Each structure stands twice: as C-alpha cells, then as structure tokens.
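Close look at the chain arrangement
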Amino acid sequence: MIEAIGLEKTFKVPKNRGTKDRGEVADPRDQGKLFHALRGISFKCEKGRVLGMVGPNGAGKTTTLRVLSTALKPTAGRIMIDGEDFSLFPNEIRRRIGFLSGTTGLYPRLTAREMVMYFGRLHRVPQAELVERVDKLFDRFGMHGYANERNDRLSTGMKQKVNIVRTLIHDPSILIFDEPTTGLDIMSVQVLLEFIADSKRQQRTVIFSTHSLHEVEELCDEVVVIDQGVSKFHGTVPEFKRLQGSQDLTQAFMKAIGAAAPLDRLEGGAA
Ligand SMILES: Nc1ncnc2c1ncn2[C@@H]1O[C@H](COP(=O)(O)OP(=O)(O)OP(=O)(O)O)[C@@H](O)[C@H]1O
C-alpha cells in the first residue's frame, strides 16, 4: 500500500519564463517567481489494486509520480508505505517501488540481458538470485530470442519489455508508471496492459497516469483526478461517475475539471 499525504511541490520559475505576463488565463499555482505545481495531493492505493491518475496537460501528474518515486523531493507532505512514513528514507522507497517513466532510456550498447543485470546489481540483488530472476522474467515476457541483442537494435515493443523487466528486477511491491502506453504500437500497449492486470493478480500495487479514459475503465479499481496541482477526486470509477452525475467517464471527467463536454454543448445539455 502506498499513500500520498498533502504532497506539495514548488518550482523556482526561470527568469525567462514570465508566467504572469503572458496574457493567459491566471493559473492559481503561479506566484510570480515560484510555481506551486502540487498544492496538496492526497490519495492512497492498497495492494492488489490499480489506480489510474488522470488530469489535463500540466495538471501535475508527472510531478506527483516523480515525487512518489523519489526522483523529486517534495516541498511538503508525506509518503507512507504499508502504514509507515518513509518520507525521510528515499532508499527504502526505491527498494519497494518500480518506476517506469516515459523518458526512460536504455543504454544503447548494452544487450537486453546486460541492461537488466546492470539494474539488478544497482539494486544489490545477489548474483545467483539475479540470474534466476532474469531468466524467469525473460521467460514470462518471451524475451529470450533477443536477450543478447544490443538495445539499439531492438524494436519499440522489445525496448518497452526491457524497460518493464528493468523496473521489476528488484521485485518491487509497488509499480508506478508515467503514461506507459504513450507512443507505443498496438502490440506493445497490449503487452503493457496485460502486464498491469497480471501485477494486480500478483497483489502488487499499481499506479499509472494516462490520458486514456478507456484504459481507466478497463483496468482501474480507482481513479484520482488531478487538476492545477490539486487532487479533485479519489475513489472508484463508479463512485466518480455517480458523483459527477454521468454514466460516461469522459463527461464525468470534463465536469470534474470544470470544462463543458463537447456533447453537452452540442446538445445544450446540463452543465
Ligand atoms: N522542473 C520544473 N520547473 C518548473 N516548472 C515545472 C517543472 N516540472 C514541471 N513543471 C510545471 O509543473 C506543472 C505540472 O507539470 P507535470 O509535468 O507534472 O504535468 P502533467 O499533468 O504530467 O502534464 P502532461 O499530461 O502534459 O504530461 C506544469 O505547469 C509544468 O510546467
């Protein structure tokens, strides 16, 4: 189980980014020289559950996931794992979390196997155990055929699998994926979605951000809606629809973030 309590993150705004004088609609996070990207994000996800994080561009999803995975230090707030406060122990969090970000690169000159072994060593997995784990994971993902192929010769889907296995090599109980399906071909998307469903069956905790409400409907037990650095809703998908008074997830989402759904406008429907 992982819980975010009142996460806040403030960035210094670079001098050349005059946020206030661009003539755009005022963003409450914009405080001149400081930008309050996260303004109190709270939610939790129990083991064996999948939580989908949705929100408009720039809402704060990546920042939240980077804070949870310790890539970024929060300005305020706590991160609890299995009921214990690990905010001051980032190494402990890293041991328990597997983080897959959209920008994760693979070392081009290493082979798929070398890459995964390298990360296993970084996580101090003992050698004999590491060899066994790599074999099992390569088996499960059907990767033996290209285990000794250099990463720069692999297809997008193959690379994605190497990345997935890399996040699993230390057997984390919590998986955090930032927009994992963005830019992937249909086959690779399928691999990833099946993998998430499988992780749930194995009682892992899975959190992923996405712009696909279809993925949320298909896979998620819970949804957290982030808008302008605030968590606007956290609960189950049916609860979310009920609260927004809509059977359609897209319309419920549009209502939650205060935007008129195109259908409402066309039909002159309810706000
Ligand atoms: N290092 C940084 N310095 C300054 N501002 C930042 C930094 N990182 C993110 N931000 C700002 O914080 C806000 C939230 O960004 P974030 O990447 O978390 O959004 P997001 O919800 O993941 O968006 P998207 O759906 O477009 O990926 C944005 O306004 C972004 O410009």
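The following paragraphs examine the structure supplied in this document. Not measured: the values here are computed from a predicted model.

**Thoughts on the sheet that holds strand β6 (residues 84-85)**
An order of β2-β3-β1-β5-β6 is seen for the five strands of this open sheet, with the pairing classed as antiparallel. Looking at the sheet topology across the chains shown, the edges are occupied by β2 (30-31) and β6. Judged from the two bridges that link them, β2 and strand β3 (residues 34-45) form a sheet pairing that is antiparallel. Counterpart to Gln31 in the pairing with β3 is Leu34. Lying on the sheet, helix α1 (residues 61-68) is in contact with β1 (2-12), β3 and β5 (76-81); it crosses β1 at an angle near 115 degrees.

**Topic: unusual backbone geometry**
In this model, Arg124 sits at a positive phi of 60 degrees, which is unusual for a non-glycine residue. Relative to the elements of secondary structure, Arg124 occurs in the loop between α3 (112-122) and α4 (127-140). At Asp171, a position not held by glycine, the phi torsion is positive, near 55 degrees. Its location among the elements puts Asp171 in the loop between α5 (156-168) and β8 (174-178).

**Describing the packing of α3 against α4**
At their nearest, the axes of α3 and α4 sit 10 Å apart, and the two run at 135 degrees to each other. As the angle between them shows, α3 and α4 are arranged oblique. Crossing hand, α3 versus α4: right-handed. On α4, the residues that touch Arg113, Val116, Met117 and Gly120 of α3 are Leu130, Arg133 and Val134. Across the contact of α3 with α4, the residue classes break down as four nonpolar, one polar and two charged.

**Concerning the site of the ligand**
All residues adjacent to the ligand are Phe11, Phe35, Ala37, Gly55, Asn57, Gly58, Ala59, Gly60, Lys61, Thr62 and Thr63. Sorting the residues of the shell around the ligand by element identifies β3 and α1 as the ones contributing at least two each. If you tally residues by element for the shell around the ligand, the top one is α1, at three residues. Classifying every residue of the shell around the ligand gives four nonpolar, six polar and one charged.

**Details of α3**
The set of residues buried in α3 consists of Ala112, Arg113, Met115, Val116, Met117, Phe119 and Gly120. Residues of α3 that are buried make contact with α4 and α5. Positioned one or two residues after α3, Arg124 has a phi angle of 60 degrees, which is positive.

So, how was this worked out
- Residues numbered from 1 in each chain as written.
- Predicted model: local features only at pLDDT ≥ 70, side-chain atom pairs only at ≥ 80, totals over all residues.
- Pairing = 2+ DSSP bridges.
- Helix = DSSP H or I, 4+ residues; strand = E, 2+ residues; numbered from the N terminus.
- Contact = placed C-beta atoms within 7 Å.
- Axes fitted to C-alpha atoms, helices over the stretch in contact; angles between N-to-C directions.
- Parallel < 35°, antiparallel > 145°, perpendicular 65-115°, else oblique.
- Left-handed = near helix turned anticlockwise from the far one by under 90°.
- Nonpolar A, V, L, I, M, F, W, Y, C, P; charged D, E, K, R; others polar.
- Near = placed C-beta within 6 Å.
- Buried ≥ 20, exposed ≤ 12 C-beta atoms within 10 Å, placed from the backbone.

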